[in-house]
Each structure stands twice: as C-alpha cells, then as structure tokens.
Amino acid sequence: MTSLGVAAGDGAFAGLPDPLDGCLRSLLDAADAADALGLPTAAVREARDHALRRIGFPGDAYVLALVGGTGVGKSSLLNALAGEKVSPASARRPTTGQPMAWAPADQRAALAPLLDWLGVQDVREHRAHGLGSVAILDLPDMDSIVADHRARVEAILPRVDAVAWVTDPEKYHDATLHDEFLRRWLPRLARQVVIVNKADRLSREDARRVRADLEADMAQARTSGPGRPAAPVGVILTSAAKPEIEELRRWLADGRAAKAVVRGRIAATAVELANGLARDAGADPMRPATPYLDARARSAAVEAATSAVLRAVDLPGLERQAVAATRARARARGAGPMGRITSLLYRASGRDTHVADPQGFLVRWRDRSSLAPAVEALRAPLAVALRSASPAVRGTLAATLEPTALRRSLERAVDGSIGALGPLDPPTSRWWSVIGFLQTLSTAGIALSAGWIVVWILGAHTTTSVQIPVLGPVPSPLTSLVVFVIAGYVVARLLGVHAGWIGRRWARRLRDHVGTAVRAEVNQRGLAPLDAVEDARLHLWIAASGLIRTCGHGRMHGG
C-alpha cells in the first residue's frame, strides 16, 4: 500500500463533498462488517486502496503535476496556459522552491484540505477558458541543489491524476530526468506526458528527431523500471514563448474525460464488490433487510428460554425465602424477649441462611439447576435459521449455536439481573414494635403469674378465686397465668399473620421484579452471539445498499 492508501483512507478526504469518496468509505464499512461475519475481505480492501491511488485528488478537478529540471520553463508554460502571469519565471535557479497550486476557482474549497495535507500552501485560482476544472501543481525543480526539493516532488507524484515531465531541447537526454525519475516513475503512474518546451528553437527535422528519440526512450523506460507497465507516454512539443500549447490543451481535455471514465469504473467496481459481500452474507441490498430470526421467532425463543431460566432460579422457592425472611425480621422486633432469643439461636445455627435468605438463595441458583433446557430453547430456532443461511456465513452463524457460548450468555443474563436488584432487605412495620411491647407485657405477666402460683402453692398467702362458667371457681393466680398465656398466643398469632401478609406482598413484588429483570437480561444478552452476527450483517446491508444508491447506475460519471 502506498502512503496515499493510508493517509487518504484515514482522513485526507475528511469532510470533502466527493460522492466517490463516500463510495469508498461505504465499501470500507462493508468490509469491516464482513470481517465480523468471517467473510474474506482482502481483495476488497486491496481494490479500495488501489482506487485511492487511482483517483488521486478528490472532487471534479483533474490534477496535473509539472515536473522538470531548472530552467526548462515550467512556470512560463503555466503562465502560457493561464494566459496571465500566475507563477514567477526567472533566470535565477532554482525559482520554484515550494509547490504552487493553480486551481480552478470552483474547486478551491474541495481541494483545500488535501492541498494542506500535501504541504501546498501557495494556492492560486484560475477561471481559464477552455481548460475547465484543471488543477496544476508547479513543483520544485527535480535537479535542484536544494536537497528537500526532490523529496517534495517524489512525495506528491503518486497522489496526482497525471504528470507532465517538462524538459527542453538541451535537457531532454538529461541523466537526472531519465535515470533517476522517468525510469523509476513511468511504470508507476497512470497518465503521463513528456513536454519538450522551447520547441521554437528546433527546426522541423530536429523536432521530429527529438520526438522520436523521446518516444523510444519512454517505451523502454516504462517497461524496464519497477512496478506495473504503464500506458504509453506521449511526447508534446510546446513553446511557451510564442505560445504554442494547443496540443497540450487537447491532452489536458482528454485527461478530464479519462478521469471521469476512471471514476465511473471505480464506482462500478465498488458497487460490484459491495454486492458480492452482501450476497456472501445472504443479504440483498435491493430488498429490505431481514434478520435470521424474525421478530416472532425471536420472541418465542426468548420467552421459552426465559421460562426455563426462571425455573432454574426457582421463583416459588424465592417467595418462600422472602416470606421467611420477613417473618424472621418480625420475630426479632415483635416477639418479645423470647423472640429475640429464638432469633439469636436461628442465626447462630445458620438456619436463617438456608430458609430465610432470599439474596443468598438467588446467588446460589447454579447449585439448584442447569440452564441446559434454556440453551436448547434458543438453539432450536437458530438451527432452522442455519439451514437457510448463506454457505459463506454458515460457519460464523453455527458458532452462535455453540452451547457453551449460549450458556455463558444466559449465565451473564441471570447474574446481571440479580446484581441489578441490589440488597434484598426484608420489609418492616412500625406495628411490630407495638406488638413487641404487648408481647413483652404478656411475657412479664406470665412470669409474675407463675411466681404468684408458686407463692400460693407454698401457702405463704391465701388467694381469691374467679368464677368461670362451666369450670366454676378458679384460683386467681392460675386465672392470671392462663389469661397472659392466651394474650401472648393471640399477640404472637397477630404478629405472624401481619408478618406473613407483608412478607407475601414483598415476595410477590420480588418475584415479579426478578422475573422482569431476568426476562429483560435474557432478551438482551441471551442471544448475544447471534446479535453480534445480526448487527454485522445489518451494517453490511446498510453500507452496500447505501453504496448502490449513491454510486450505482452511472451516478459517478464525471465525478
């Protein structure tokens, strides 16, 4: 890849309103998407890089570089083409120290970013009659005694549409021109011409001889140098002094037409390559994009997988854990002194961890069940899609059916939904403190009644009796004990009923929350391997269809 293939592809054309540049960007987007589908794209990328080298400057302007030694009259030739003085001509050598661009006024804005990138700061506009959108670069002298002049020339040569090698009757056999430039560059550049300036100094016979000598030299140089053979290189004799430049004007006009043909061919090639990638992916750019799984099949697969995942999570068990955790909290706050003791014993024995810990119950879901049924629920419709997939992407699509990848996606979905819940803190109620106070009073009453009975039994004190229907008179200490025991039982039952009611409400909300979270995560992540393929295929379809709309059917004709 030449430097143009890198720099132009990475930003030299940024922001330019050139449809062909958009075509090549779309082709690169299609290649990137095809990579994700496992399709070979080396040929496509190579063709794009070659296209970047072929089109040189973007836009409609046809760009010609004038290259020659000192004193051959490049600047004078440019002034003759313009019909006015646009480049200084001087006997002092070298005169042209920096590249100067002579650009069409209507292309100045489009060419500015790339001219800046090339280091061309001196830009002059023209509206020359008969030349159209031609941009000419007057480059530093290739045989200059200044070392970096030659480097500037060689950096620009691969990036222009055409090169005019300018010489004169005295230098047309110059070794620097022939051995160091023409032999090296002629086989590499698409459109070139050799201009023998100051031809008015030659007789008719000498002019024919010079032309014949140069044509023979060009034929040999273009096939003997490195690189691919170039098109035949013509020889034009001009005189900037008279001026006699009509043949050069015709060559420039032919160049503009040639560029339009090249651009049209590049656009057609880009469309063909994008179509090929789309066909390999089983996506028709001329029809609406269709996924491997339609909405109905995807929804059914996700629903079946979600149901299987929720069975693995065990939502009924989660509800039992949630109710038990709520009752445990209620017991600690509302069961009085005995309830606190019982809670401490439960925590110390680890019983709460096993039967009243919804957070731990969810985290330990892997210990209870397998996701194999959920994996198969996703694989079944994908297997159907695989049979109808394009052979070129069948391997990539088959990888999305791999059970391990699907299981990991589902595991991440479950873990993600559990993690999104945050801490599962059981609910509480201010009534439990009131009930706890009543339970404490009941416990105290039971203790006092028991002490009273002991004192009474020992005969230390006499006591009264309470007349109870059916039973008759019952000693007051015993009656007190029974009343406080019944009161404690009623308060305990009240606490249990209230805690159960609150716990079941929380358990239902928790179950719905977990179910919704798991369903959302499975929908988002469960088919993640397939979604990556679907996304790449859609991006390929978008790039290919957009490229066809922009660049197809001759839309690039003339740029």
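This text goes with the structure placed above it.
Cut-offs and rules
Residues numbered from 1 in each chain as written. Predicted model: local features only at pLDDT ≥ 70, side-chain atom pairs only at ≥ 80, totals over all residues. Heavy atoms only, no water. Helix = DSSP H or I, 4+ residues; strand = E, 2+ residues; numbered from the N terminus. Buried < 20%, exposed > 50% of the residue type's maximum accessible area, 1.4 Å probe, protein only. Contact = heavy atoms within 4.5 Å. Areas by Shrake-Rupley, 256 points an atom, 1.4 Å probe, with all protein chains shown as cover. Axes fitted to C-alpha atoms, helices over the stretch in contact; angles between N-to-C directions. Parallel < 35°, antiparallel > 145°, perpendicular 65-115°, else oblique. Nonpolar A, V, L, I, M, F, W, Y, C, P; charged D, E, K, R; others polar. Phe/Tyr/Trp six-rings, centres within 6.5 Å; stacked < 30°, edge-to-face > 60°. Lys NZ or Arg CZ within 6 Å of the ring centre and 35° of its normal. Patch = residues over 30% accessible without salt bridge, like charges linked within 9 Å, V, L, I, M, F, W, Y side chains within 5 Å. Salt bridge = Lys/Arg side-chain N within 4 Å of Asp/Glu carboxyl O. Lys, Arg positive; Asp, Glu negative; His and termini not counted. Charge placed at Lys NZ, Arg CZ, Asp CG, Glu CD. Expected span 1.5 Å × (residues − 1). Polar contact = N/O pair within 3.5 Å; in protein donor to acceptor, adjacent residues only side chain to side chain.

Could you give me a rundown of the overall build of the protein chain, with the residues and numbers involved?
Tallying secondary structure elements over the protein chain gives 20 helices and 9 strands in all. Residues counted as buried form 48% of the 559 residues belonging to the protein chain. Counting only contacts in the protein chain whose residues sit at least 6 apart along the sequence, the fraction spanning at least 24 positions is 80%. Element-wise, carbon and sulfur atoms account for 57% of the exposed surface of the protein chain, whose accessible area totals about 26600 Å².

Which residues make up the packing of helix H10 (residues 295-313) against helix H15 (residues 372-388), and what values go with them?
Where H10 meets H15, the closest approach of the two axes is 7 Å, and the angle between their N-to-C directions is 170°. When the axes of H10 and H15 are compared, the pair comes out roughly antiparallel. Of the residues in H15, those in contact with Ala 301, Val 302, Ala 304, Ala 305, Ala 308 and Val 309 of H10 are Pro 373, Ala 374, Ala 377, Leu 378 and Pro 381. The residue makeup of the contact of H10 with H15, split by class, is 11 nonpolar, no polar and no charged.

Quick one: what's the story with the packing of aromatic side chains, residue by residue and with numbers?
Following the criterion strictly, the structure yields 0 aromatic pairs and no others. In this arrangement the basic side chain of Arg 505 is found over the ring face of Trp 501, its NZ or CZ atom lying 4.4 Å from the centre. The residue whose ring lies beneath Arg 537 is Tyr 292, and the NZ or CZ to ring-centre distance is 4.1 Å.

Residues and numbers for a positive patch on the surface, please.
A cluster of basic side chains, namely Arg 327, Arg 493, Arg 504, Arg 505, Arg 508 and Arg 509, defines a positive patch on the protein surface. Within the secondary structure layout, Arg 505 lies in helix H19 (residues 476-526).

Quick one: what's the story with the pattern of salt bridges, residue by residue and with numbers?
In total, this model carries 18 salt bridges according to the counting rule given. The shortest N-O distance in the salt bridge between Lys 198 and Asp 168 comes to 3.7 Å. A residue pair is termed long-range when its members are at least 10 positions apart, and Lys 198 in the loop between strand E6 (192-196) and helix H8 (204-224) and Asp 168 in the loop between strand E5 (162-167) and helix H7 (175-185) qualify at 30 residues. Grouping residues by exposure puts Lys 198 and Asp 168 together as buried. The residue Glu 246 makes a salt bridge to Arg 249 at a minimum N-O spacing of 3.8 Å. With Glu 246 and Arg 249 both in helix H9 (residues 246-280) and 3 residues apart, this pair spans about one turn of that helix. Here the residues in one salt-bridge network are Asp 32, Asp 35 and Arg 45, joined through shared partners.

Pulling in residues and values, what's your account of helix H17 (residues 403-421)?
When the terminal C-alpha atoms of H17 are compared, their 27 Å separation across 19 residues agrees well with the 27 Å that a helix rising 1.5 Å per residue should span. Those residues of H17 lying buried are Leu 406, Ser 409, Leu 410, Glu 411, Ala 413, Val 414, Gly 416, Ser 417, Ile 418 and Leu 421. On the buried face of H17, the contacting elements are H10, helix H14 (358-363), H15, H19 and helix H20 (528-551). At the N-terminal boundary of H17, the capping side chain belongs to Glu 402, with an oxygen 3.1 Å from the backbone nitrogen of Thr 404.

Please set out the environment of Pro 288 residue by residue, giving values where relevant.
Within the secondary structure, Pro 288 is located in the loop between H9 and H10. Between the alpha carbons of Pro 288 and Ser 545 there is a distance of 9.5 Å; along the sequence they are 257 residues apart.

Worth remembering: the numbers are spatial, not functional.
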